[in-house]
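Report on the structure
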Amino acid sequence: MAKGQEQAAPDAVLTRIGQVAMLHHAGDREEARLRFLSLWAEIGEHGDPLHRCTLAHYLADTQDDPGDELAWDLRALSAAEELADAGPTDRDGGEDGELAARALYPSLHLNLAADYDRLGHREAARLHLRRARTAAGALAFDRYGDRVRAAIDRLARRLADAGPPGDAGPPADGPDRPDGWWGPPRQRP
């Protein structure tokens, strides 16, 4: 085998997700949301859990409504849990699904904590913040790991400044959700 070919071929779907994420980070949020939704329609609710997790994780960041952002973040967490339950996969030469999920959990729980905080659910925010902090032990001490740990610390300070534990409930001007604040995420196309 030629030098450099021993690595697995890149995952085309993850590459496409990454390209749209770059578009989002460059400032074109609406176009990124539309392209992410198109990818979601292509992958589907029952597609590869890593693809769904990654895509939902990014899609959440393109939402205008905090309830919609929470719904996508919950989808991402659900797909990560599927990935963890899947065990070994053929992806990346036999990568363990549980290992991949462990790398995602700190950021997923951090995003959920921030979502619940924005919606006024302080107790749920604190629960996911604790989960993010615990899961952060699996992160490397690199730029990404340092960024996630710093974001966890910032949110922890903000929640500490918010006062004693207790659920503030939904904001007075919050959306009227038929599935309830704690229900499953709404289905999207």
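Higher on the page you've got the structure.
Residues numbered from 1 in each chain as written. Predicted model: local features only at pLDDT ≥ 70, side-chain atom pairs only at ≥ 80, totals over all residues. Heavy atoms only, no water.

With respect to helix H2 (residues 29-43)
Compared with an ideal rise of 1.5 Å per residue, which puts 15 residues at 21 Å, H2 spans 21 Å between its outermost C-alpha atoms and is within 8% of the ideal. Those residues of H2 not exposed but buried are Ala32, Arg33, Phe36, Leu39, Trp40 and Ile43. The buried residues of H2 occupy an angular sector of 125 degrees when the element is viewed end-on, so they sit on one face. Elements in contact with the buried residues of H2: helix H1 (12-25), helix H3 (49-60) and helix H4 (66-86). Positive phi appears at Gly44, one or two residues downstream of H2, with a value of about 85 degrees. (Helix = DSSP H or I, 4+ residues; strand = E, 2+ residues; numbered from the N terminus. Expected span 1.5 Å × (residues − 1). Buried < 20%, exposed > 50% of the residue type's maximum accessible area, 1.4 Å probe, protein only. Arc of directions from axis to C-beta. Contact = heavy atoms within 4.5 Å.)

Observations concerning the layout of surface pockets
Remark: the empty space left among the atoms is shown by a probe the size of a water molecule rolled over them. Here the largest pocket defines a volume of roughly 750 Å³. Around the largest pocket, the lining comprises 27 residues; the ones closest to its centre are His57, Ser107, Asn111, Tyr144 and Arg147. Breaking the lining of the largest pocket down by element, the ones donating at least two residues are H1, H3, H4, helix H5 (97-118) and helix H7 (143-161). Here the lining of the largest pocket takes 9 residues from H5, the largest share from any one element. Here the lining of the largest pocket is built from residues that sort into 12 nonpolar, 5 polar and 10 charged. (1 Å grid on protein atoms, 1.4 Å probe; cavity = no way out; pocket = protein on both sides within 12 Å on 5 of 7 lines; lining within 4 Å. Points joined across faces, edges and corners; volume = space filled by probe spheres on them. Nonpolar A, V, L, I, M, F, W, Y, C, P; charged D, E, K, R; others polar.)

A closer look at the nonpolar core
Phe36, Leu55, Tyr105 and Leu108 are the most contacted members of the largest nonpolar core, which has 47 residues in total. Of all the secondary-structure elements, those providing two or more residues to this core are H1, H2, H3, H4, H5, helix H6 (122-135) and H7. Excluding residues that lie within four positions of it along the chain, Phe36 makes contacts with Ile17, Val20, Ala21, Leu55, Tyr58, Leu59 and Thr62. (Core = buried A, V, L, I, M, F, W, Y, C linked by side-chain atoms within 4.5 Å.)

Some words on the packing of aromatic side chains
Under the criterion given, the structure shown has 2 aromatic pairs. Taking 6.0 Å as the distance between ring centres and 10 degrees as the angle between the ring planes, the aromatic pair formed by Phe36 and Tyr58 counts as stacked. Here the residue Phe36 occupies a position in helix H2, and Tyr58 occupies one in helix H3, the gap between them amounting to 22 residues. Taking the relative accessible area as the measure of exposure, Tyr58 reaches 27% and is therefore partly exposed. Both rings, one in Trp40 and one in Trp72, keep their centres 4.9 Å apart while their planes meet at 85 degrees; by these two values the pair is edge-to-face. Linking Trp40 in helix H2 with Trp72 in helix H4, this pair joins segments that are 32 residues apart in sequence. On the basis of relative accessible area, Trp72 is assigned to the buried category, the value being 0%. Sitting over the ring of Trp72, Arg75 keeps its end group 4.2 Å from the ring centre. (Phe/Tyr/Trp six-rings, centres within 6.5 Å; stacked < 30°, edge-to-face > 60°. Lys NZ or Arg CZ within 6 Å of the ring centre and 35° of its normal.)

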